[in-house]
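Spelled out, the chains give:
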Amino acid sequence: MTENNDKLVIDFGQVEYSPAIIDYDFIKNRPRGGSSRIDFFSHGEISSSLEGITFDDKIFLKKDNIFFEKGIFLLDFQEILNKPEIFLDMVKNLKFERIYLENSLHYSIEHIAKKLDNVEVILMNFGCI
């Protein structure tokens, strides 16, 4: 991981940061952390889009009015703490030089992101966190 001390604050509105990797609770199938804020301000777009869908360990979602114009990757950060290869392999396969990662208060995976070679990781806070 390339060190970057900048932390973006994602409050409300459309942004072009990509790829954006956001926490989502796959066990309870509901938004958590940043995805919760996005879901609230997009009037339930994330929840309604994923209702009734089963998925394994990651999902890419691109919808209008979900803050991120180019879409978001949803991963269960709690699961990433147990199986970091889900996140590490995904980022390596994407072959981006920079990623935007939610700075989760409860399930921080920043220490796992530090294992990425030649990838700049920019942390995102949602709201006034």
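Calculation notes
- Residues numbered from 1 in each chain as written.
- Predicted model: local features only at pLDDT ≥ 70, side-chain atom pairs only at ≥ 80, totals over all residues.
- Heavy atoms only, no water.
- Salt bridge = Lys/Arg side-chain N within 4 Å of Asp/Glu carboxyl O.
- Helix = DSSP H or I, 4+ residues; strand = E, 2+ residues; numbered from the N terminus.
- Buried < 20%, exposed > 50% of the residue type's maximum accessible area, 1.4 Å probe, protein only.
- Core = buried A, V, L, I, M, F, W, Y, C linked by side-chain atoms within 4.5 Å.
- Contact = heavy atoms within 4.5 Å.
- Phe/Tyr/Trp six-rings, centres within 6.5 Å; stacked < 30°, edge-to-face > 60°.
- Arc of directions from axis to C-beta.

Novice: Tell me about the pattern of salt bridges, and name the residues and values.
Specialist: Pairs can form between side chains of opposite charge once their charged atoms are near each other. On inspection of all chains with the given rule, the structure shows 7 salt bridges. A salt bridge links arginine 32 to aspartate 76; its shortest N-O distance comes to 2.6 Å. Residue arginine 32 is located in the loop between β3 (30-31) and α1 (34-41), and its partner aspartate 76 is located in the loop between β5 (72-75) and α3 (77-82); the two are separated by 44 residues in the primary sequence. Just as arginine 32 is buried, aspartate 76 falls in that class too.

Novice: Lay out the nonpolar core with the relevant residues and their values.
Specialist: Among the nonpolar cores identified, the biggest contains 22 residues, and Ile22, Ile38, Ile46, Phe68, Ile72, Leu74 and Met124 are the most heavily contacted of them. Looking at this core, the elements that each hand over two or more residues are β1 (7-10), β2 (20-25), α2 (45-50), β4 (58-61), β5 and β7 (120-126). For isoleucine 46, the contacting residues outside a window of four places in its chain are Tyr24, Ser35, Ile38, Asp39, Leu61, Ile72 and Leu74. Core analysis: the second largest hydrophobic core is formed by 19 residues, Phe73, Phe87, Leu101 and Leu123 among them.

Novice: Describe the packing of aromatic side chains, with residues and values.
Specialist: Enumeration over the complete set of coordinates arrives at 6 aromatic pairs. For the ring pair phenylalanine 41 and phenylalanine 67, a centre distance of 6.2 Å and an interplane angle of 40° mean the geometry is tilted. Separated by 26 residues along the polypeptide, phenylalanine 41 in helix α1 and phenylalanine 67 in the loop between β4 and β5 bring together distant segments of the chain. The class of phenylalanine 41 is partly exposed, set by a relative accessible area of 29%. When its relative accessible area of 2% is taken as the criterion, phenylalanine 67 is described as buried. Their ring planes at 55° and their centres at 4.9 Å tell us that phenylalanine 60 and phenylalanine 73 sit as a pair that is tilted. Of this pair, phenylalanine 60 sits in strand β4 while phenylalanine 73 sits in strand β5, placing them 13 residues apart in sequence. A relative accessible area of 42% places phenylalanine 60 in the partly exposed class. Taking the relative accessible area as the measure of exposure, phenylalanine 73 reaches 15% and is therefore buried. Through a chain of ring-to-ring contacts, three or more aromatic side chains come together here, namely Phe40, Phe41 and Phe67.

Novice: Please provide a residue-by-residue account of α1, values included.
Specialist: Helical periodicity: at 3.6 residues per turn, an α-helix aligns residues three or four positions apart in one direction. Among the residues making up α1, those that are buried are Gly34, Ser35, Ile38 and Asp39. End-on view of α1: buried residues confined to an arc of 135°, all on one side of the axis. Along its buried surface, α1 packs onto β2, β3, α2, β5, β6 (98-102) and β7. Directly beyond the C-terminal end of α1, a positive phi value near 60° is found at histidine 43.

In short, shape yes, function no, at least from these values alone.
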